[in-house]
Amino acid sequence: VLKRAFSSSTSLNAVKTVTVVGGGLMGSGIAQVAAQAGQNVTIVDLQPELLEKAQKSIQNNLTRVAKKVHKDDAAKVEGFVKESFSRIKVSTNIEDGVNADLIIEAIVEKLDVKQELFNKLDLLAPEHTILASNTSSISINEIGAGIKRKDSIVGNLTHIPLNHVSYFRFGGLHFFNPVPIMRLLEVIKGDHISEETYQTMMAWGKSVGKTCITCKDTPGFVVNRLLGPYSAEALRMYERGDASKEDIDIGMKLGAGYPMGPFELADYTGLDTNKFVLQVMLEKTGDPVFRPIPMLDKMVAEGKLGIKSGEGFYKYKKVYPGLRA
Ligand code: NAI
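These numbers come from a predicted model, not from an experiment.

**Brief notes about the environment of Ala232**
Phase 1 of the analysis: Relative to the elements of secondary structure, Ala232 occurs in helix 8 (residues 223–240).
Phase 2 of the analysis: Along the backbone, Ala232 and Asn177 are 55 residues apart, and their C-alpha atoms lie at a distance of 20 Å.
Phase 3 of the analysis: For Ala232, the contacting residues outside a window of four places in its chain are Leu278, Val289, Phe290 and Ile293.

**Re the site of the ligand**
Phase 1 of the analysis: Residues in close proximity to the ligand total 24 residues, the closest being Gly22, Gly24, Met26, Ile107 and Asn177.
Phase 2 of the analysis: Among the elements of the structure, helix 2 (25–36) and helix 5 (111–124) are those that each provide at least two residues to the shell around the ligand.
Phase 3 of the analysis: For the shell around the ligand, the leading source of residues is helix 2, giving three residues.
Phase 4 of the analysis: Per-class residue counts for the shell around the ligand are 12 nonpolar, 10 polar and two charged.

**Details of the sheet that holds strand 7 (residues 184–189)**
Phase 1 of the analysis: The strand order across the open sheet formed by eight strands is 3-2-1-4-5-6-7-8, and the pairing between neighbours is mixed. Strands at the two margins of the open sheet, each flanked by one partner only, are strand 3 (88–91) and strand 8 (211–216). Shown here is a sheet whose adjacent strand axes are inclined to one another by a mean of 25°, direction ignored.
Phase 2 of the analysis: Pairing analysis gives four bridges linking strand 2 (residues 40–44) to strand 3, with the strands arranged parallel. The partner of Val44 across the bridge, within strand 3, is Ser91.

Basis of the calculations
Residues numbered from 1 in each chain as written. Predicted model: local features only at pLDDT ≥ 70, side-chain atom pairs only at ≥ 80, totals over all residues. Helix = DSSP H or I, 4+ residues; strand = E, 2+ residues; numbered from the N terminus. Contact = placed C-beta atoms within 7 Å. Near = placed C-beta within 6 Å. Nonpolar A, V, L, I, M, F, W, Y, C, P; charged D, E, K, R; others polar. Pairing = 2+ DSSP bridges. Axes fitted to C-alpha atoms, helices over the stretch in contact; angles between N-to-C directions.

Structure (structure tokens):
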């Protein structure tokens, strides 16, 4: 009944123009997959040099994708890169990015900064624009608390108290790093998302090549909620001396079929990020499974952050970051 009660101001799969606010690691990946899928993209960032960096990394990644698809056909490779790249505009001015069907925020992970941005976007963007956050640890409900845009309701809804109707044009689109490679997209249903916006987000995710799953606005959503206790226990197992880190990694790869062991994964995501995620999850859930891990705290204090610093649980070659020494 509710589904039918919403007007179709944004028909499903109608997203043709996308703006990504924040052109860092995640934002540049999101922009790339949208451009690859034929959509027009604007990346907005505060700093021109970060926009330049984003453009360079997108161009390199597009070339990699094109070489996989078109193999040795140099003309096709060049054509694909040129065409996809030409769909991406960049700007340091948010007003250049507001005319879009979908605006995805991928800026710094701070509630007040995100709220300020969304309040601004809500004022500046056209009525039909869907707003979304790529946050991984902040509540979607809190981020969108000030957003007013709604999908309009038509028909006779007198049997449903209006304050019980969920209908905001805002939700979570949680991507995984590296965005062009990881196939999952978590579509987060805040308490007040409209059915129409949710369905459009699911359809858009599919259009950029992702498999979408849905989760309520709960700490860590699906993947990080489950991954957190798993990696914490792996670290504690090593800390207790139950097994070596190498054997734990081999165990989970060969015994559980995971592509990386927990220590390889921690080095890849960054030990500082792991520590931050544990802290946030402990605050949000109160579950002691997320309590601090002394070994992790010590390594972060020593600057052993994983691949990005050249050393984490393993050592990495400086010339080929990611390759173990
Ligand atoms: P990043 O630090 O690489 O990029 C953030 C970018 O946002 C920077 O280029 C910065 O200049 C820009 N920025 C900051 N404030 C801004 C503002 N007010 N307006 C415009 N641009 C602004 O960060 P990263 O890793 O890309 O993360 C971005 C978001 O994605 C965060 O919310 C994070 O939690 C989330 N996320 C990160 C994942 C990861 O693995 N790094 C995975 C999934 C989500």
